[in-house]
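# Coordinates in review
This is what each chain is made of:
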Amino acid sequence: MESSSPATVSAGHGPGPAPADLLRRLRARGAGDPVTHVERVPARAGVPAPWPSWAPAELRAAFTRRGVVAPWQHQAQAATLAYEGDHVVVATGTASGKSLAYQLPALATLLADPRATVLYLAPTKALAADQLRAVAALELEGVRPACYDGDTPRAEREWIRRHSRFVLTNPDMLHHGILPGHAQWSGFLRRLAYVVIDECHTYRGVFGSHVAHVLRRLRRQCARFGATPVFVLASATSGDPATAAGRLTGLPVTAVTEDASPRGGVTFALWEPPLLPPDSGAAPPDSSSVPGQAAGDHDDLRQVRRSALRETADLLADTVAEGVRTLAFVRSRKGAEVVAANARRSLDDAVPGLGGRVAAYRGGYLREERRELERALLHGDLLGLASTNALELGVDLVGLDAVLICGYPGTRASLWQQAGRAGRSGQEALAVLVARDDPLDTYLVHHPEAIFGAPVEATVLDPANRYVLAPQLACAAVEAPLTPADLVLFGDGAKEAVDELVAAGALRQRPTGWYWRHRERPEVDLRGEGGAPIAVVESSTGRLLGTVDGGSSHFLLHPGAVYLHQGVSYVVDELDLADGCALVHVEEPDWSTHARDVTDLSVVSVRSYVDAGPVGMFLGEVDVTSQVVSYQRRRIATGEVIDTRPLDLPARELRTVAVWFTLSPQSLALAGVQSADVPGALHAAEHAAIGLLPLMATCDRWDIGGLSTAVHADTEAPTVFVYDGHPGGAGFAERAYGTASAWLRATRDAIAECGCETGCPSCVQSPKCGNGNNPLSKPDAIRVLDVVLANLPE
Ligand SMILES: [Zn+2]
Ligand SMILES: [Zn+2]
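These notes cover the structure that comes with them.

## Considerations on helix α19 (residues 494–503)
Within the span of α19, buried status applies to A494, A497, V498 and L501. Buried positions in α19, seen along its axis, are confined to an arc of 100 degrees and lie on one side of it. Count one or two residues on from α19 and you reach G505, which has phi positive near 85 degrees.

## Some thoughts on the packing of aromatic side chains
Per the stated rule, a full pass over the model turns up 12 aromatic pairs. Here the aromatic rings of W51 and F63 are separated by 5.9 Å at their centres, their planes lie at 20 degrees, and the arrangement is stacked. Remark: F63 occurs in helix α2 (residues 57–65) and W51 occurs in the loop between β1 (35–41) and α2; sequence separation between them is 12 residues. Across the pair, exposure class does not vary: W51 and F63 are buried alike. Aromatic side chains Y102 and Y120 sit 5.9 Å apart centroid to centroid with 50 degrees between the ring planes, which places their arrangement in the tilted category. Here Y102, found in helix α4 (residues 98–112), pairs with Y120, found in strand β3 (residues 117–121); they are 18 residues apart in sequence, far enough to count as distant.

## Structural notes on the sheet that holds strand β17 (residues 534–538)
As a general point, the strands of a sheet are linked pairwise by backbone hydrogen bonds and lie either parallel or antiparallel. Spatial strand order, β18-β17-β21-β20-β19: 5 strands in an open sheet with mixed pairing. Bordering the open sheet on either side are β18 (543–548) and β19 (562–565), each of which pairs with just one other strand. Sheet twist, expressed as the mean angle between neighbouring strand axes with direction ignored, is 40 degrees. Examined bridge by bridge, strand β20 (residues 568–576) and strand β21 (residues 581–586) share 6 bridges and lie antiparallel to one another. For Y570, the partnering residue across the bridge sits in β21 and is V586.

## Some words on the pattern of salt bridges
Evaluated as defined, the whole model comprises 29 salt bridges. R162 serves as the salt-bridge partner of E158, at 3.0 Å between the closest nitrogen and oxygen. Of this pair, E158 and R162 are both found in helix α6 (residues 154–163), 4 residues apart, which corresponds to roughly one turn of the helix. By relative accessible area, which is 40% here, E158 ends up partly exposed.

## Focus: the packing of helix α22 (residues 678–692) against helix α24 (residues 740–753)
At a minimum axis distance of 9 Å, the contact between α22 and α24 shows a crossing angle of 115 degrees. One finds that α22 runs roughly perpendicular with respect to α24. The crossing of α22 and α24 is right-handed. Here α22 contributes A685, A688, A689 and L692 to the contact with α24, which in turn contributes W743, L744, A746, T747, A750 and I751. In the contact of α22 with α24, the residues fall into 9 nonpolar, 1 polar and no charged.

Definitions and cut-offs
Residues numbered from 1 in each chain as written. Chains lettered and ligands numbered in written order. Predicted model: local features only at pLDDT ≥ 70, side-chain atom pairs only at ≥ 80, totals over all residues. Heavy atoms only, no water. Buried < 20%, exposed > 50% of the residue type's maximum accessible area, 1.4 Å probe, protein only. Helix = DSSP H or I, 4+ residues; strand = E, 2+ residues; numbered from the N terminus. Arc of directions from axis to C-beta. Phe/Tyr/Trp six-rings, centres within 6.5 Å; stacked < 30°, edge-to-face > 60°. Pairing = 2+ DSSP bridges. Axes fitted to C-alpha atoms, helices over the stretch in contact; angles between N-to-C directions. Salt bridge = Lys/Arg side-chain N within 4 Å of Asp/Glu carboxyl O. Parallel < 35°, antiparallel > 145°, perpendicular 65-115°, else oblique. Left-handed = near helix turned anticlockwise from the far one by under 90°. Contact = heavy atoms within 4.5 Å. Nonpolar A, V, L, I, M, F, W, Y, C, P; charged D, E, K, R; others polar.

Spelled out as structure tokens, the structure:
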């Protein structure tokens, strides 16, 4: 705070200091320079294109009335591809106007052919409602757009099925309502010209694999009625969107990725909080993450960085003192409150009363309260706001002078969405990514090309997962008997899944196909795991707060767990696995809870492998047995471990897909790894490899697990396993296998580039380690990965 003069506080109306000057003052504050990279993202003028000649005058006029003078080039390109019958995915930045790319061909076709229909799918009802407003505002004759989802009154449903030509819904409704009722929809499906899949990057993992089959079921019904709709998909920027869209739809898809929309200039700084001296002892670990993601617990061994929360709070105080309107994104509500409180305190110390211009924002505000916040920030009554990502949904804040991002938000799409809040029209803005204690954050601040270069993270899904395929084939068989041609449509593993369903008595084979044998339909939840989800119930009111996957329920809902739901804190009284529910009460203790598990793994089969001399790289099926055995309570403010409490939960079995690598003991000895250090070397490499996987595939910590051992019974060698945390696999391990050398190179670099000496949460320590981060050897982990990379072909 010493450098900031309170006299510079402005009302927030005028132009703030230039971003480069502001950044210079911020980084001059402490001893070392925390900035690892500054990227000037230049302003970009949009590249407009003429309206495509096929777009009818009536449609152009409607868009012009809504303020769209001409399409941007990527919109015109994607629209024309779709109009000409190509399946297309448009994968460009936030606010680049992806909707015009599908609205143009879809609406042009509806106007040209008075019988044609369009089906629009969004991941959420809210997005479908937004899109409905946008299409309805065009006031096109005879289109009659309508939402058809769980909230649609029964009385309106029949009218929509008969008369709407632009139906907006979600995959769940398609799965539960439209496809089972295809007879009532035959008129609509027979004339279906386009299927629009918005925000298609959200269909990933197990959910994405289910949706992929729902789309195949849709294509099958259309084909029965003689329709072959064109698919138009909209995606956040990602690595290889054409492949992901192709897997999702089962069709060849052309990608349009060149973003021609205009954007403001941003000075983007990558900020790594400094390491604290090992003996300072006073540093609280970062508690900005969800429970279970705080730093490791071997305090005596730990060397930590200054917390990203502290750093963000100081930056917020400094920018506010400069009169700069600033939004700080923090991952948890508690973290946002800590940032706001610390910034307020620093400002009040400098000038009493100044702290009042900083606030914390959390989810659950009423619409009027949100509008009031927007107003206060717009007018400069409020200069600083610390927020969770809740802000992404529901508050319209644009044109801020600076955005602080406390911790990498998990995907590049979210990062740019948050950074995109900065920048008033025509003015440069500042964005700062403050790295948390996490191997991926560490890697990113040292590898700006991973943020500013071509995207590598891909949306992955695995339609061949038999835990998804078999129930989806059962649903399809109810809708119409399965034929040999359908086995091709549903892809790899379909024949085996049908055979299993026949053996289980669910299907009966007749000369005309496979028939569903039961009276009732199979119960299949697209967002579930196969196993029943656990209902979270507030005991005093009986209110259902939400559901948690069976897979993560032992971690999140064990007795005593602190469970966060929409920003409100609950404590679990009881987890009743037999009834599938957890009873909770409202309570906000000043600790968080962190479950521990022990894991056992055996190899079932090998799908594919690379024999690279002393190194082997494998993809295959494994059985994982894990048991949550205890949990720790840690103080939120300091990260201090209060105690560890035992739990009595049953072991869980999981058959899934894993990637693993083996090394010969000789190669390790040659690389200088003492045999006593092999377990710590492999363990450290495993932690960092798991931490870096989100760089290659969009996933979060519940999606992946790992195990390492100096000698494994099935491989008979030192081995590191990384597996999908979902029954049957969800594509993460497969992606890791496919990008193994890039993935492990990034892992190696993240460890080597962390400035700590013996390993820290920024490199090799893991918040979810079942062994208390013991043993770990940072230098030997680098040697292990060097051996792998030296032998593995690129
Ligand atoms: Zn480190
Ligand atoms: Zn571990």
